[in-house]
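# Secondary and tertiary structure notes
Now for the letters of each chain:
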Amino acid sequence: SSAAHYTFKMERWAPDQLPVTADNYNSWQEYAMSKMCQILHTKALDARLKDDQEHPVRAVSLHPGVIQTKLGRSAACCSITWWLYAFPRVALALGFHKTLEAGAAPTVRCCLDPKLFETDGPYPIVFISDDCQPRAPSLPPNSAQASTALLAKAAELVSNH
């Protein structure tokens, strides 16, 4: 997932209107919504899997940080993403980029730290930030209903293919 989900404008949350049409498209908001949808899906999946006593599995979404890759090579000129990827050494020096190794750290923690799931703490472990710490994700009001609506819409969209 991504910390970009924090920038999603909740008034745009309308799973019944997915996929977004070209006339209502905002690239950053759609990216942020896709990350929020990943977290909602993770939350629903974790709720379904974590209580299986025979095969206990946890689902976690995480933000690895902005990693120094070629992912942004097709970003629109002069966008924030373009600046980050057009000048990677400057972005790395300023702390905007992370190395591949540093970006892998949240994933490694989720895989190897059994203490991460010993307690749910103040909120369920669903989102791990790039500093490897659990964070409360930003979710729509009544996130359980939002997860259900999202999963229903996803099933509807893929059933046509």
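The structure displayed is predicted, hence computed values, not measured ones.

Right, let's talk about the environment of His-41 for a bit. Relative to the helices and strands, His-41 is located in helix α1 (residues 27–49). Look at His-41 and you get partly exposed, because its relative accessible area is 39%. In sequence terms His-41 and Ala-146 are 105 residues apart; their C-alpha atoms lie 9.6 Å from each other. Beyond its immediate stretch of four places on either side in the chain, His-41 contacts Leu-150 and Leu-151.

Right, let's talk about the environment of Ala-136 for a bit. Relative to the helices and strands, Ala-136 resides in the loop between β3 (134–135) and α5 (143–159). Judged by relative accessible area, Ala-136 falls into the partly exposed class, the value being 40%. The sequence separation of Ala-136 and Val-126 amounts to ten residues, and the corresponding C-alpha distance is 7.8 Å.

Counted at 1.5 Å a residue, the expected span for α1 with its 23 residues is 33 Å, and the 33 Å between its end C-alpha atoms agrees. Along α1, the residues classified as buried are Gln-29, Glu-30, Ala-32, Met-33, Lys-35, Met-36, Cys-37, Ile-39, Leu-40, Thr-42, Ala-44 and Asp-46. Check the buried side of α1 and you find it contacts β1 (61–62), β2 (127–128) and α5.

About the thresholds
- Residues numbered from 1 in each chain as written.
- Predicted model: local features only at pLDDT ≥ 70, side-chain atom pairs only at ≥ 80, totals over all residues.
- Heavy atoms only, no water.
- Helix = DSSP H or I, 4+ residues; strand = E, 2+ residues; numbered from the N terminus.
- Buried < 20%, exposed > 50% of the residue type's maximum accessible area, 1.4 Å probe, protein only.
- Contact = heavy atoms within 4.5 Å.
- Expected span 1.5 Å × (residues − 1).

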